[in-house]
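Structure assessment
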Amino acid sequence: MNYVERNLGKNEKIVTKAKISWLTLVPRIIWLAICVVIYFVLNDQLGAIAEEKGTSANLDFLYIILAVGVIPLIAKIIVNASCQLAVTNKRLIGKVGVFKINTVDAHIDKVDSVSYKAGFFGNIFHYYNVTIQSVGGSGADFKGISNALEFKNKVNEAIEQHAEEARKIQASEIAAAMHNN
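Residues numbered from 1 in each chain as written. Predicted model: local features only at pLDDT ≥ 70, side-chain atom pairs only at ≥ 80, totals over all residues. Heavy atoms only, no water.

The next subject is the overall build of the protein. Counting secondary structure elements, the protein contains five helices and seven strands. Going from the N terminus to the C terminus, the protein shows its helices and strands as α-β-α-α-β-β-β-β-α-β-β-α. For 181 residues, the compact-globule estimate of 2.2 N^0.38 gives 16 Å, and the protein exceeds it by more than 25% at 25 Å. For the C-alpha atoms alone, the extent of the protein along its principal axes is close to 105 × 30 × 25 Å. Burial statistics for the protein: of 181 residues in total, 31% are counted as buried. Sequence separation of at least 24 residues holds for 58% of the intrachain contacts in the protein that already meet a minimum separation of 6. (Helix = DSSP H or I, 4+ residues; strand = E, 2+ residues; numbered from the N terminus. Rg over C-alpha atoms; globule rule 2.2 N^0.38 Å. Buried < 20%, exposed > 50% of the residue type's maximum accessible area, 1.4 Å probe, protein only. Contact = heavy atoms within 4.5 Å.)

Encoded structure:
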């Protein structure tokens, strides 16, 4: 069970979840490919130089180049796997991070705004950074959301539906109060 499902209240249902795009890995995959090419080029060059001199080459430092390519990719995979964001019929719930966790848990009528933007790769591969602001200035950023516009629209629909239900309840309470007088 994930963070969102563990935090659902009574009679609370998930309306939609944000989808994390696997394409957010593309920049790190490109970086890893560059590191692999550098590794093989340096390995061949340094190996040829050592062979000319008749010595053996200690190329252990080349593994650092591979680590520089692999570690950011693994870190991004972990961050993507830990990112959860959902709209329910009552709240907006989300969590991002593993070691440093940032959460948002705002009643739907307390959500101030949901905005999204994309960087260079986000524009190309259609994934966005979603920023959620709630009343009181608290908020959170969720990166790599592929359905940002749909998610924003679902939040707005949930806000409107909650406001409509609140108006109906208020109208029935006023009608009941007038009837009792």
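To continue, consider the sheet that holds strand 3 (residues 91–96). Here we have four strands laid out as an open sheet, ordered 1-2-3-4, and antiparallel in their pairing. One side of each edge strand has no neighbouring strand; the edge strands of this open sheet are strand 1 (14–17) and strand 4 (102–107). Shown here is a sheet whose adjacent strand axes are inclined to one another by a mean of 15°, direction ignored. One ladder, built from four bridges, connects strand 2 (residues 84–88) with strand 3; its direction is antiparallel. Counterpart to L85 in the pairing with strand 3 is G94. Most of the contacts of helix 5 (residues 148–180) go to strand 2, to which it runs at about 30°, and overall it touches strand 1, strand 2, strand 3 and strand 4. (Pairing = 2+ DSSP bridges. Axes fitted to C-alpha atoms, helices over the stretch in contact; angles between N-to-C directions.)

A word on the pattern of salt bridges. A full pass over the atoms with the stated rule returns four salt bridges. In this structure, R91 and E12 form a salt bridge, with 2.9 Å as the shortest nitrogen-oxygen distance. Of this pair, R91 sits in strand 3 while E12 sits in the loop between helix 1 (3–6) and strand 1, placing them 79 residues apart in sequence. Accessibility expressed as a relative area gives 16% for R91, which makes it buried. Among the ionic contacts, a cluster of salt bridges with common partners joins E12, R91 and D105. (Salt bridge = Lys/Arg side-chain N within 4 Å of Asp/Glu carboxyl O.)

This brings us to the environment of S113. For S113, the position within the fold is in strand 5 (residues 111–117). Classification of S113 as partly exposed rests on a relative accessible area of 31%. Sequence separation of S113 and T131 is 18 residues, and the distance between their C-alpha atoms is 8.0 Å. Beyond its immediate stretch of four places on either side in the chain, S113 contacts T131, I132 and Q133.

Read from one edge of the open sheet, three strands run 5-6-7, paired in antiparallel fashion. The sheet is open, and its two edges are formed by strand 5 and strand 7 (139–145), each paired on a single side. Shown here is a sheet whose adjacent strand axes are inclined to one another by a mean of 15°, direction ignored. Summarising the sheet, strand 6 (residues 128–134) and strand 7 pair through five bridges and their orientation is antiparallel. Looking across to strand 7, one finds that T131 is bridged to D141. Packing of helix 5 onto the sheet brings it into contact with strand 5, strand 6 and strand 7, and relative to strand 5 it is tilted by some 170°.

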